[in-house]
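Chain by chain, the residues run as shown.
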Amino acid sequence: MTIRRRPHPQWLRRIAALLAAGAVIYVVAATAASTNLSSALEALGEKNLWAVGILKSQLEGLWTGGALPVRAAMAIGQSPVLLSSREAVLELRQTEEEDDSHVDNTEPEEDAGEKEKEEIKRPARPSAPIAEEPVQAETPLVFADNGVQARTLTPSSADGYIVTGDVYINNRSSKSFDETLFDGSFAAKLSEEEGPKVLIVHTHGSEAYTMPPGEEYASSGDWRTTDCAFNVVRVGDEIARVLEEAGISVAHDPTLHDYPEYSGAYGRSLEAAEKAMEEYPGISMVLDIHRDAISDADGTPYKVVSNVAGLNAAQMSLIIGTDGGGLQHDGWQENLKLAAALQQHLTDSFPTLMRPISVRDSRYNQHVSPGALLVEMGAAGNSLDEALLSARLLGQGIAELLLGEAE
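Scope of this entry: the structure provided in the associated data block. (Residues numbered from 1 in each chain as written. Predicted model: local features only at pLDDT ≥ 70, side-chain atom pairs only at ≥ 80, totals over all residues. Heavy atoms only, no water.)

The next thing to look at is the packing of helix α9 (residues 332-349) against helix α10 (residues 384-402). Look at α9 against α10: their axes get within 10 Å of each other, and the N-to-C directions meet at 115 degrees. Classified by the angle their axes make, α9 and α10 are roughly perpendicular. For the element pair α9 and α10, the recorded crossing hand is right-handed. Contacts between α9 and α10 involve Leu338, Ala341, Leu342, His345 and Leu346 on the former and, on the latter, Leu393, Leu394, Gly397, Ile398, Glu400 and Leu401. (Axes fitted to C-alpha atoms, helices over the stretch in contact; angles between N-to-C directions. Helix = DSSP H or I, 4+ residues; strand = E, 2+ residues; numbered from the N terminus. Parallel < 35°, antiparallel > 145°, perpendicular 65-115°, else oblique. Left-handed = near helix turned anticlockwise from the far one by under 90°. Contact = heavy atoms within 4.5 Å.)

Put into structure tokens, the structure is as follows:
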């Protein structure tokens, strides 16, 4: 049975169109002399929010593929302040989408699930400065059973993937490329500038793991905590430690950009990354460290593991953004080539450590560097120690690749 939506009466559509047109004309007239968004809002005044509300109703829900629809673009084009803010509007929209868009890492031919989505509505806090602290010493890992079912996710065939060497790539973006893109080269190189060469940030820093009994943390949400001894910031510490020991200086930003407010985390982490790269011009690689969340068809979470010398290492996945969502990102192919080279190097020694690379339309702030990667370190069902073991393997692999020691 086909269900059809009953059309609104013609007179209702005409009234709605007249109200929307009136709102646009009013906003255009009120903001015509404004040169920025702040002055435009002052010109409108709080008492005229009805006009803004009607205009917003025409803009909301009409975005297609991350770009402005024709009606929204036409409305924005009638006012200098709105026209000048088009890119900012698009970027704000996409950063909100990015907070959720990398959360679904379902791959063809894999047992995978959907990452949890969470909205924390609290006042935002200013970003903390990048910590200038000594790198922690290596700590022993204790692989206690946390009671979560373990699986190793690997493609069962090449169907649905782009394959280069031993690297499987799931192209979920609107961009086209094939295996001929990959020749082992990439643009990210260690700079001769003084100071840090690698920047580690955490857009969703409160993401945490499932701890064994007796090692629980104070929760700030489902599999989340502000205690940086247990969340992905701790994983970033471990990557930094390994890189520093290899002679590569690291700047690690421990700010929880997703707390106390989850929405807009990518905008805040972008601001922090740009500030760090301005302070340290020698940064040639930017790592945004996350963790995934995967469940089976019944909604039961499980962990993803790879056997490394008899121990469970959390499987990792690299997420690569493009300009498919409408935001400028001309260098996304260099990010992808780096990801493929790194994954091949790690796979040479640890065949099941890496899940397929996922390419998306969202940008994920990766336009800041040709060496920008988003890394999912295991899933919510993994234990912290499993993620820390993978952090050591990832750090060593990155060091070998950047120092030219990769075979």
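This next bit is on the side chain of histidine 329. Within the element layout of this structure, histidine 329 appears in the loop between β9 (316-321) and α9. Judged by relative accessible area, histidine 329 falls into the buried class, the value being 2%. Within the structure, the side chain of histidine 329 is placed 3.3 Å from the side chain of asparagine 335, a separation counted as a polar contact. Ignoring sequence-local partners within four residues, the contact set of histidine 329 consists of Gly321, Thr322, Asp323, Asn335, Arg363, Gln366 and His367. (Buried < 20%, exposed > 50% of the residue type's maximum accessible area, 1.4 Å probe, protein only. Polar contact = N/O pair within 3.5 Å; in protein donor to acceptor, adjacent residues only side chain to side chain.)

To continue, consider the pairing of strand β7 (residues 303-308). The buried fraction of β7 amounts to five of the six residues, a majority that puts the element mostly inside the structure. As paired strands, β7 and strand β8 (residues 311-314) are joined by four bridges and run antiparallel to one another. Opposite asparagine 307, over in β8, you have asparagine 312 as the bridge partner. (Pairing = 2+ DSSP bridges.)

With that settled, consider the nonpolar core. As a rule of thumb, soluble globular proteins bury nonpolar side chains together. The biggest cluster of nonpolar side chains holds 57 residues, and the ones touching the most others in it are Val235, Leu336 and Ile357. With 11 residues, the top contributor of residues to this core is α10. Within the second largest apolar cluster, 12 residues are counted, among which are Ala276, Met277, Val368 and Ala372. (Core = buried A, V, L, I, M, F, W, Y, C linked by side-chain atoms within 4.5 Å.)

What follows is about the packing of aromatic side chains. For the structure on display, the rule yields five aromatic pairs. An angle of 85 degrees between the planes, with centres 5.4 Å apart, marks the rings of tyrosine 161 and tyrosine 168 as edge-to-face. For the pair tyrosine 217 and phenylalanine 230, a centre-to-centre distance of 5.9 Å together with 45 degrees between the ring planes defines the contact as tilted. Highlighted residues: tyrosine 217 in the loop between β4 (198-201) and α7 (232-245) and phenylalanine 230 in the loop between β4 and α7, separated in sequence by 13 residues. In this structure, tyrosine 217 and phenylalanine 230 share a single accessibility class: buried. Through pairs of rings, three or more aromatic residues link up here, namely Phe177, Phe182 and Trp332. For lysine 189, the ring lying beneath its charged end belongs to phenylalanine 186, and the centroid distance is 4.5 Å. (Phe/Tyr/Trp six-rings, centres within 6.5 Å; stacked < 30°, edge-to-face > 60°. Lys NZ or Arg CZ within 6 Å of the ring centre and 35° of its normal.)

Right, let's talk about the pattern of salt bridges for a bit. Across all of its chains, the model carries 11 salt bridges by this definition. Linking lysine 175 and aspartate 323 is a salt bridge whose minimum nitrogen-to-oxygen distance equals 3.1 Å. On the criterion of sequence distance, the pair formed by lysine 175 in the loop between β3 (167-171) and β4 and aspartate 323 in the loop between β9 and α9 is long-range, its members being 148 residues apart. Of the charged contacts, one joins glutamate 238 and arginine 392 as a salt bridge, the two residues approaching to 2.5 Å between their closest N and O atoms. Of this pair, glutamate 238 sits in helix α7 while arginine 392 sits in helix α10, and the two are 154 residues apart along the sequence. On the basis of relative accessible area, glutamate 238 is assigned to the buried category, the value being 1%. Residue arginine 392 is classed as buried on the basis of its relative accessible area of 15%. Within the structure, one salt-bridge network assembled from shared partners comprises Glu138, Arg234, Glu238, Arg241, Glu245 and Arg392. (Salt bridge = Lys/Arg side-chain N within 4 Å of Asp/Glu carboxyl O.)

Taking strand neighbours across the sheet as the criterion, the three strands line up as β1-β7-β8 in an open arrangement whose pairing is mixed. Edge positions in the sheet fall to β1 (150-151) and β8, since each of these pairs with one other strand and no more. Contacts from α10 reach β7 and β8, with the element oriented near 75 degrees to β8.

An ideal rise of 1.5 Å per residue puts 21 Å on 15 residues; helix α8 (residues 265-279) measures up with 21 Å between its terminal C-alpha atoms. Where α8 is concerned, the buried positions are Ala265, Tyr266, Arg268, Ser269, Leu270, Ala272, Ala273, Ala276 and Met277. (Expected span 1.5 Å × (residues − 1).)

Within a sheet, adjacent strands bond to each other through the backbone by hydrogen bonds, running parallel or antiparallel. One open sheet holds the eight strands; their spatial order is β2-β3-β10-β9-β11-β6-β4-β5, and the pairing between them is mixed. The open sheet terminates on both sides in strands that have one partner only, identified here as β2 (162-164) and β5 (250-252). Pairs of neighbouring strands in the sheet enclose a mean axial angle of 25 degrees, with direction left out of account. Looking at chain direction, β9 and strand β10 (residues 357-360) are connected through three bridges and run parallel. Paired with isoleucine 320 across the two strands is valine 359, which belongs to β10. On the sheet, α9 packs against β2, β3, β6 (285-292), β9, β10 and β11 (372-379) and is oriented at approximately 165 degrees with respect to β9.

The values reported here are purely geometric and, on their own, carry no functional implication.
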